[in-house]
Amino acid sequence: MTFRPLHDRVLVKRVEEETTTKGGIIIPDTAKEKPQEGEIVAVGGGAIKEDGSVRPLDVAAGDRVLFAKWSGTEVTINGDELLIMKESDILGILEGESKAAAA
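Computed from a predicted model, the values in this text were never measured in an experiment. (Residues numbered from 1 in each chain as written. Predicted model: local features only at pLDDT ≥ 70, side-chain atom pairs only at ≥ 80, totals over all residues. Heavy atoms only, no water.)

Listed in full, the 10 residues of the largest apolar core are Val-10, Val-12, Ile-40, Leu-57, Val-59, Val-65, Phe-67, Leu-83, Met-85 and Ile-90. Contributions of two or more residues to this core are made by strand E1 (9-14), strand E5 (64-67) and strand E7 (80-86). In this structure, Val-65 is in contact with Gln-36, Glu-37, Gly-38, Ile-40, Val-59, Ile-90, Gly-92, Ile-93 and Leu-94, ignoring residues within four places of it in sequence. Core analysis: the second largest hydrophobic core is formed by five residues, Leu-11, Ile-77, Leu-82 and Ile-84 among them. (Core = buried A, V, L, I, M, F, W, Y, C linked by side-chain atoms within 4.5 Å. Buried < 20%, exposed > 50% of the residue type's maximum accessible area, 1.4 Å probe, protein only. Helix = DSSP H or I, 4+ residues; strand = E, 2+ residues; numbered from the N terminus. Contact = heavy atoms within 4.5 Å.)

Given below as structure tokens:
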């Protein structure tokens, strides 16, 4: 099954957080917070403006983004836990190597 978001919505896969600290302490699942960083999996066609024209989205599939803690709606598609959110819920695009990718 494939999923294509509509209009100004995007499909985001959360980036997994580290399970140990730099000092070697293992963080149990119950103490972890859900990451606020993710990768765009799919994007909609764009936001529809008042005059009926379409404004393309600023994000694209493959972009790494930061989003607010309570953003989006959690869904499971093909066994993957993903988030559907509006482009406006995205705080910014991460460029270069992120903290999670560096670890």
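We are not done yet, so read on.
Now for the pattern of salt bridges. Per the stated rule, a full pass over the model turns up four salt bridges. Among the ionic pairs, Asp-8 bridges to Lys-86, the shortest N-O distance being 3.8 Å. Linking Asp-8 in the segment before E1 with Lys-86 in strand E7, this pair joins segments that are 78 residues apart in sequence. Here Asp-8 falls in the buried class, since its relative accessible area comes to 17%. Taking the relative accessible area as the measure of exposure, Lys-86 reaches 34% and is therefore partly exposed. (Salt bridge = Lys/Arg side-chain N within 4 Å of Asp/Glu carboxyl O.)

From the geometry alone we can't say anything about function, so treat these as descriptive.
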